[in-house]
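Residue-level structure breakdown
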Amino acid sequence: MPADSATAMNQEEEAALREWLASDADSRNTPLSAGYQGSVYLFEGPAGPRIIKEAIDTWPQRLLARRMLRREAGAYDRVNGIPGIPGSFGMLDDRYLVLEFVPGKNLRDPDNGITDREAFFAGLLNIIKEIHARDVTHNDLKRKDNVLVTASGEPVLLDFGMAVCHRRQGFFYRLLKRMDYNAWIKIKYHYATDQITEADQPYYSPTLLERGFRQLRRFWRIITFRQWRKARQRAKSSR
Ligand SMILES: Nc1ncnc2c1ncn2[C@@H]1O[C@H](COP(=O)(O)OP(=O)(O)O)[C@@H](O)[C@H]1O
Ligand SMILES: [Mg+2]
């Protein structure tokens, strides 16, 4: 992929975007997310709204952040055209990833607008299967803020920052694919894995690693008195 593959943007849009990017970061709108690798902005351009993922520019994270963003751009390219995934305009100046903005509510929002849960999660499973068919695993599905719900209740899958484009369908591909399905189950059932229907059972097979983490989490809850603290908090707030 060329370093500047934002070819699908027209010249006017690209110029407006560069001007906006050159402006002081504080004068842009507040980022939708900000982490140690970079920030995510909404750019209201002449050709419509775009999402701009910006790699952090300070040392020592700079090189790694750009590399990660380039990898993410590569993954978006690989899954390009799958319904339910934002289109990508590629990298700009090796520092910004430009994406189509898809309006929707975050799955994390209690008021996310899902009316038909079965249909929603079936749609999400389809998207996951489509990306797997292109040898891409997502690897960050447990984060509900990586899934949007459109106004018509359809799922949108975002954030390929952790995704892997596999060279072949080998051991790691199969392992990560399985972990994507497990994550789908966890978000669908809010971790209540004892309630999985028979039809969904084939999508849940925790790996040794995941089982280990589960035990660790349980142990952590016990030693930090989590239940006890929660009950105390509840009692306090109801007072
Ligand atoms: N293409 C998009 N359309 C609409 N909203 C988006 C899009 N991409 C990202 N977002 C919003 O920005 C947030 C952060 O983007 P994400 O790609 O998940 O970045 P991060 O790597 O910081 O988690 C998402 O949770 C979502 O709310
Ligand atoms: Mg994210």
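Note that the structure is predicted; figures quoted are calculated from it, not measured.

1. Description of the site of ligand 1
- Near ligand 1 lie 16 residues; those nearest to it are Leu32, Ser33, Pro86, Asp145 and Asp159.
- Two domains share the shell around ligand 1, each providing at least three of its residues, namely domain 1 (6-100) and domain 2 (107-223).

2. Examining the domain arrangement of the protein chain
- Here the protein chain is partitioned into domain 1 (6-100) and domain 2 (107-223).
- A separation of 25 Å is found between the C-alpha centroids of domain 1 and domain 2.
- Among the residues forming the side of domain 1 that touches domain 2, the class breakdown is 7 nonpolar, 2 polar and 2 charged.

3. Focus on the sheet that holds strand β1 (residues 33-34)
- Spatially, the 5 strands line up as an open sheet ordered β1-β2-β3-β5-β4, and their pairing is antiparallel. Sheet topology places β1 and β4 (88-92) at the edges, where each strand pairs with a single neighbour.
- Strand direction decides the pairing type here: β4 and strand β5 (residues 96-100), joined by 4 bridges, are antiparallel. In the sheet register, Leu92 faces β5, and the bridge partner there is Tyr96.
- The strands that helix α1 (residues 11-22) touches are β2 (38-45), β4 and β5; relative to β2, the one it contacts most, it runs at about 130 degrees.
- Relative to β4, helix α2 (residues 62-78) is tilted by about 155 degrees, and along the sheet it contacts β2, β3 (48-55), β4 and β5.

4. Thoughts on the sheet that holds strand β8 (residues 147-149)
- Overall, antiparallel pairing links the 3 strands, which are arranged β6-β8-β9 in an open sheet. Each end of this open sheet is capped by a strand with a single partner; those strands are β6 (105-106) and β9 (155-157).
- As defined by bridge partners, β6 adjoins β8 across 2 bridges and the pair is classed as antiparallel. Bridge pairing links Lys105 to Val149 in β8.
- Relative to the sheet, helix α3 (residues 117-133) contacts β8 and β9, its axis offset from that of β9 by approximately 30 degrees.

Cut-offs and rules
Residues numbered from 1 in each chain as written. Chains lettered and ligands numbered in written order. Predicted model: local features only at pLDDT ≥ 70, side-chain atom pairs only at ≥ 80, totals over all residues. Near = placed C-beta within 6 Å. Domains from an automatic or database assignment. Nonpolar A, V, L, I, M, F, W, Y, C, P; charged D, E, K, R; others polar. Pairing = 2+ DSSP bridges. Helix = DSSP H or I, 4+ residues; strand = E, 2+ residues; numbered from the N terminus. Contact = placed C-beta atoms within 7 Å. Axes fitted to C-alpha atoms, helices over the stretch in contact; angles between N-to-C directions.

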